[in-house]
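One-letter residues, chain by chain:
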Amino acid sequence: MAGTNSWRPGIFPTVLYTDAKAAIRQLTEALGFTELSVYEGEDGSVVHAELVQGNGAVMLGSKGRGGVFDTAMKDAGPTGVYVVVEDVDAHHRRAVEHGAEILMPPTDQDYGSRDYLARDLEGNLWSFGTYAPEIQG
């Protein structure tokens with residue numbers, strides 16, 4: 001999101017991982033995200049990271065660092081995030097090539113989208129597809 005055309009999304013899904021460094025590797029290598037920033041604590045844990053995909057972003061960090069958010073997420077179930085991509089089949093091929101667990105291959109949906117579903121190393125669900133709701137301002 002560098003350059004003069006940068007902007008800030010208004011919503012950031014946030015996910016905590018037991019091994020945030022492995023999650024960042026999988027999300028960038030297999031699922032096509034780009035690192036925007038990664039901040040590590042003195043102990044090497046990920047205090048905060050931002051990864052970009054298209055015109056959106058996700059924030060993530062290491063579990064067990066304490067604080068209100070970490071405590072609230074302690075017993076939460078897996079997170080599900082939907083990410084818009086232009087070429088679902090190419091995105092899916094990349095994920096498969098990097099060993100991502102695919103729960104649903106690219107599928108044409110009744111509502112006009114083409115999407116697929118993957119599970120990351122810690123059980124979070126990532127849907128990638130062409131559906132992008134138009135938001136009226």
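Heads up: the structure comes first, above all this text.
Residues numbered from 1 in each chain as written. Predicted model: local features only at pLDDT ≥ 70, side-chain atom pairs only at ≥ 80, totals over all residues. Heavy atoms only, no water.

**What about the sheet that holds strand β5 (residues 80–84)?**
The pairing of strands in a sheet comes from backbone hydrogen bonds and takes either a parallel or an antiparallel form.
Part 1: One open sheet holds the four strands; their spatial order is β5-β8-β7-β6, and the pairing between them is mixed. Two strands close off the open sheet at either side, each with one partner strand: β5 and β6 (101–108). Averaged over neighbouring strand pairs, the angle between their axes works out to 15° when direction is ignored.
Part 2: With five bridges connecting them, β5 and strand β8 (residues 125–129) associate as parallel partners. Paired with V81 across the two strands is W126, which belongs to β8. (Pairing = 2+ DSSP bridges. Helix = DSSP H or I, 4+ residues; strand = E, 2+ residues; numbered from the N terminus. Axes fitted to C-alpha atoms, helices over the stretch in contact; angles between N-to-C directions.)

**Some remarks on helix α3 (residues 88–97)**
Part 1: Of the residues making up α3, those classed as buried are V88, H91, H92 and A95. Viewed end-on, α3 has its buried residues packed into an arc of 100°, placing them on one side of the element.
Part 2: For α3, the secondary structure elements touched by its buried residues are β3 (46–53), β6, β7 (114–119) and β8.
Part 3: The N-cap of α3, judged by a side-chain oxygen 3.3 Å from the amide nitrogen of D89 a few residues on, is D87. (Buried < 20%, exposed > 50% of the residue type's maximum accessible area, 1.4 Å probe, protein only. Arc of directions from axis to C-beta. Contact = heavy atoms within 4.5 Å. Polar contact = N/O pair within 3.5 Å; in protein donor to acceptor, adjacent residues only side chain to side chain.)

**Some details on the pattern of salt bridges**
Opposite charge on two side chains lets them pair, provided their charged atoms get close.
Part 1: Tallying each qualifying case throughout the model produces five salt bridges.
Part 2: Across the pair D43 and R65 runs a salt bridge, and its minimum N-O distance is 3.8 Å. Taken together, the positions of D43 in the loop between β2 (34–40) and β3 and R65 in the loop between β4 (56–62) and α2 (68–73) put the pair 22 residues apart, joining distant regions of the chain.
Part 3: For D43, a relative accessible area of 63% translates into the label exposed.
Part 4: In this structure, the salt-bridge partner of E101 is R119, at a minimum N-O distance of 3.3 Å. Of this pair, E101 sits in strand β6 while R119 sits in strand β7, and the two are 18 residues apart along the sequence.
Part 5: Accessibility expressed as a relative area gives 30% for R119, which makes it partly exposed.
Part 6: Ionic contacts of the salt-bridge type, sharing partners, join the residues D89, D108 and R114 into one network. (Salt bridge = Lys/Arg side-chain N within 4 Å of Asp/Glu carboxyl O.)

**A short note on the packing of aromatic side chains**
Part 1: The final tally for this structure, using the stated rule, is four aromatic pairs.
Part 2: With centroids separated by 5.3 Å and ring planes inclined at 75°, the aromatic side chains of F33 and W126 adopt a geometry described as edge-to-face. Pair noted here: F33 is in the loop between α1 (20–29) and β2 and W126 is in strand β8, with a separation of 93 residues, a long-range link.
Part 3: Overall, F33 belongs to the buried group, its relative accessible area being 5%.
Part 4: When its relative accessible area of 1% is taken as the criterion, W126 is described as buried.
Part 5: Judged by centre distance (6.4 Å) and plane angle (70°), the ring pair of F33 and F128 falls under edge-to-face. With F33 in the loop between α1 and β2 and F128 in strand β8, this residue pair connects regions lying 95 residues apart in the sequence.
Part 6: Aromatic rings pair up to connect F33, Y116, W126 and F128 into one cluster. (Phe/Tyr/Trp six-rings, centres within 6.5 Å; stacked < 30°, edge-to-face > 60°.)

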